[in-house]
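Residue strings, one per chain:
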Amino acid sequence: MSFLEAVFDCNLSSLLIVFCVVLVTVRYINSPKNLPPGGPWGFPIIGIAPRLGKEAYRTFASWAKDYGSIFTIRIAGLNVVVLNDFEVAKEAFIKNANVCSDRPALPDLKNGFSISGSLVFENGPVWKERRRWALTAFRNFGVGKRSLENRINEEARYMCNEIEKKANTSSTFDPCHFINNAVSNIICSISFGQRYEYSDAEFKVLLESLSKVFGTIGQVSLSNCFPFLWNTRYRSKERKLIATVRNFIVEIVDKHKSTFNPEDIRDMIDHYIAEIIRQKLDRKEVVFDSGVIWRGVQDLFQAGTETATTTTMWMLLYLLNYPEVYQKAQNEIEEILGRDQTPSWSDRDKLPYVNAMIMEVQRHATVAHSNVPRCTTSEVKIKGYTIPANTRFILNSWAVHRDPKFWENPEEFNPMRHLEEDGKTIKQNEAFIPFGIGDRICIGQLLAKMEIYLLTINLLQRFTFKVPESQSPPSLNDVTVGIIRMPKPYAMTVEKK
Ligand code: HEM
């Protein structure tokens, strides 16, 4: 049948053929030339999305074997460039940082969290100014300093007191709530000078909402392909979860506004209000807006709580699965600190194995499996390919952490790989990127490292965690994958030392 016959014959299959021919031709004419090689074929309109599977980072890693370390996929009518090894990631995010450091306005994130007032999803000079301000505010509120260390150790004691109630019984427990409450109390105390009891039912609902948001909102979803779906029943659960978090923060910000005293800056929210007043007086461009203070706090709360909690949960899970690693870490703590000496961030060099173990958990579990999306602001050449402006990137950090060029036997869980031959000095490996790379690297990494290190030592000093009797260790492969990679809930028994 000729093309014209098909048009005039007008039965369904002929129309379909015509439609496909037109679609392929238009796409060919419009497609940018010299893009990185195309990944496997996708479906019309939604593209490759249905072929990615639950763990897209694994799918990308297997496609990289056929298409190379940089390839292009189509999602929802857009070209997305997937970076699968450290060299291409470095070329994009470090060498070409000036044009590869924007965040794309993904529909789920735009509709769900809103970009106005955000640091994580803002771009350009406003993002730079907010980032600079947040880093200074972190320093002012003790990140990296003894004052915050004391606060974290204090919170760790509250957490351990709660866990102790579960100790020395045969019944099992899931430590997630206790760790989550501790980590978020640390952010809460920096952001709004408050901590919440572990029995606080309202706060528990808030933390559960946050966790579900992170478990369900990922990069690939129908509502990212068809943004109107965000306001339908398809995303009603997520809308409610996000509203719970937002309402909680808005209420706290409102209280701060009504009790603000410029002579007594209590926490980051006060600092934020003071900055807005200063900018107005200086008649500078206002990059902080009173109406969206809550959004900045929400960023820290969201970015900081679930990531550090999940890393600590992975750590306990790996220890249950690798008793010899557990024993070695325990021995180092016993030898250097004993059971009673409070751990200190400034003494961390004395516990190299514990540090290496935490790093290996971060590498092997790769919580931020696909980094946080980026996009180009103008055309850029990477590995000889031409990537046009406004093209999205996915950095497959999970694959970077398993690249045999940088990691010997990458599948093996082995903390010793992070130590020099002397067994005491931490080995630097540039392909270790749990906090991302380049200009957008995580601003909370020092805080997160302090939290994970101090909470871990407090836990191991006070307790022995065990796999429930006559059971196998909980699986390392049972995961929930959203923005981050979380272990499925698991249970253990605990003995007080
Ligand atoms: C183990 C815990 C954490 C992990 C694994 C983690 C990971 C990441 C990653 C991968 C990025 C994206 C970097 C990039 O685009 O290259 C990021 C960005 C960010 N993180 Fe973290 N993070 C953690 C803890 C925290 C904490 C505790 C805070 C603050 C309280 C925080 C605040 C942020 C912010 C504000 C950004 C956005 C930076 C920007 O866009 O300029 N993170 N984080």
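**Student:** Which residues make up the overall build of the chain, and what values go with them?
**Tutor:** Per the secondary structure count, the chain includes 17 helices and 10 strands. By the compact-globule yardstick of 23 Å for 497 residues, the chain fits well, its C-alpha radius of gyration being 25 Å. Within the span of the chain, comprising 497 residues, buried residues form 53% of the whole. Put simply, 74% of the contacts in the chain that link residues at least 6 apart link residues at least 24 apart. Counting only carbon and sulfur atoms, one obtains 54% of the accessible surface of the chain, whose full area is about 22,700 Å². Taking the 61 positively charged and 56 negatively charged side chains of the chain as two groups, their mean positions are separated by 3 Å.

**Student:** So what's going on with the coordination of the iron atom of the ligand? Residues and values would help.
**Tutor:** The protein gives the iron atom of the ligand a lone donor atom, Cys442 (SG), placed 2.3 Å from the metal. With respect to the helices and strands, the residue Cys442 is situated in the loop between α16 (397-400) and α17 (445-462).

**Student:** How would you sum up the site of the ligand? Please name residues and give values.
**Tutor:** Of all residues adjacent to the ligand, which total 28 residues, the nearest are Trp127, Arg131, Arg374, Arg440 and Cys442. For the ligand, an oxygen atom lies 2.7 Å from a polar atom in the side chain of Arg131. In this structure, an oxygen atom belonging to the ligand sits 2.8 Å away from a side-chain N or O atom of Arg374. Taking a 2 Å distance to the grid points as the criterion, the majority of the atoms of the ligand fall inside the largest cavity. Contributing elements (two or more residues each) for the shell around the ligand: α6 (124-140), α13 (293-321) and α17. A per-class count over the shell around the ligand returns 18 nonpolar, 6 polar and 4 charged.

**Student:** Outline the side chain of Glu129, supporting the account with residue identities and numerical values.
**Tutor:** Of note, Glu129 is situated in helix α6. Here Arg132 takes part through its side chain, which lies 2.7 Å from a polar atom of the side chain of Glu129.

**Student:** Mind laying out the domain arrangement of the chain, listing which residues take part and the relevant values?
**Tutor:** Partitioning the chain into domains gives domain 1 (1-30) and domain 2 (31-496). Of note, the centres of domain 1 and domain 2, computed from C-alpha atoms alone, are 47 Å apart.

**Student:** Break down the layout of surface pockets for me, citing the residues and quoting the values.
**Tutor:** Taken as a whole, the second largest pocket spans an internal volume of roughly 520 Å³. Lining the second largest pocket we find 24 residues, and of these Asn355, Met359, Ile426, Phe432 and Lys449 sit closest to its centre. Elements represented by at least two residues in the lining of the second largest pocket include exactly α15 (352-365) and α17.

**Student:** I'd like a description of empty space enclosed by the protein, backed by residues and values.
**Tutor:** Scanning the entire structure with this criterion turns up 4 cavities of 30 Å³ or more. Of the voids in this model, the largest cavity is the one considered here, and its volume is about 1,000 Å³. Val120, Ala303, Thr307, Val372 and Cys442 are, among the 48 residues lining the largest cavity, the residues nearest its centre. Listed by contribution, the elements that provide at least two residues to the lining of the largest cavity are α6, α13 and α17. Residue contributions to the lining of the largest cavity peak at 8 residues, all from α13. Per-class residue counts for the lining of the largest cavity are 29 nonpolar, 13 polar and 6 charged. Considered as a void within the structure, the second largest cavity measures approximately 130 Å³ in volume. In terms of lining residues, the second largest cavity is bounded by 14 residues, among which Trp133, Tyr272, Gly296, Val297 and Leu300 are the most central.

**Student:** So what's going on with the environment of Leu300? Which residues, and what values?
**Tutor:** One can find Leu300 in helix α13. Separated by 92 residues in sequence, Leu300 and Glu208 have C-alpha atoms that sit 17 Å apart. Excluding anything up to four places from it in sequence, Leu300 contacts Phe138, Ile187, Met268, Thr305 and Ile443.

**Student:** Hey, could you go over the nonpolar core for me, with residue numbers and the actual values?
**Tutor:** Met159, Ile163, Phe248, Phe301, Trp314, Val354 and Phe465 are the most contacted members of the largest nonpolar core, which has 100 residues in total. Sorting elements by how many residues they give to this core places α13 first, with 14 residues. Residues within four places of Phe301 in sequence aside, it is in contact with Ser184, Ile187, Cys188, Phe203, Leu206, Leu210, Phe248 and Ile249. Within the second largest apolar cluster, 20 residues are counted, among which are Ala92, Val99, Ala431 and Ile433.

Rules used in this analysis
Residues numbered from 1 in each chain as written. Predicted model: local features only at pLDDT ≥ 70, side-chain atom pairs only at ≥ 80, totals over all residues. Heavy atoms only, no water. Helix = DSSP H or I, 4+ residues; strand = E, 2+ residues; numbered from the N terminus. Rg over C-alpha atoms; globule rule 2.2 N^0.38 Å. Buried < 20%, exposed > 50% of the residue type's maximum accessible area, 1.4 Å probe, protein only. Contact = heavy atoms within 4.5 Å. Areas by Shrake-Rupley, 256 points an atom, 1.4 Å probe, with all protein chains shown as cover. Lys, Arg positive; Asp, Glu negative; His and termini not counted. Charge placed at Lys NZ, Arg CZ, Asp CG, Glu CD. Donors = N, O, S within 2.8 Å, 3.2 Å for Na, K, Ca; no water. Near = heavy atom within 4 Å. Polar contact = N/O pair within 3.5 Å; in protein donor to acceptor, adjacent residues only side chain to side chain. 1 Å grid on protein atoms, 1.4 Å probe; cavity = no way out; pocket = protein on both sides within 12 Å on 5 of 7 lines; lining within 4 Å. Sits in = over half its atoms within 2 Å of the grid points. Nonpolar A, V, L, I, M, F, W, Y, C, P; charged D, E, K, R; others polar. Domains from an automatic or database assignment. Points joined across faces, edges and corners; volume = space filled by probe spheres on them. Core = buried A, V, L, I, M, F, W, Y, C linked by side-chain atoms within 4.5 Å.

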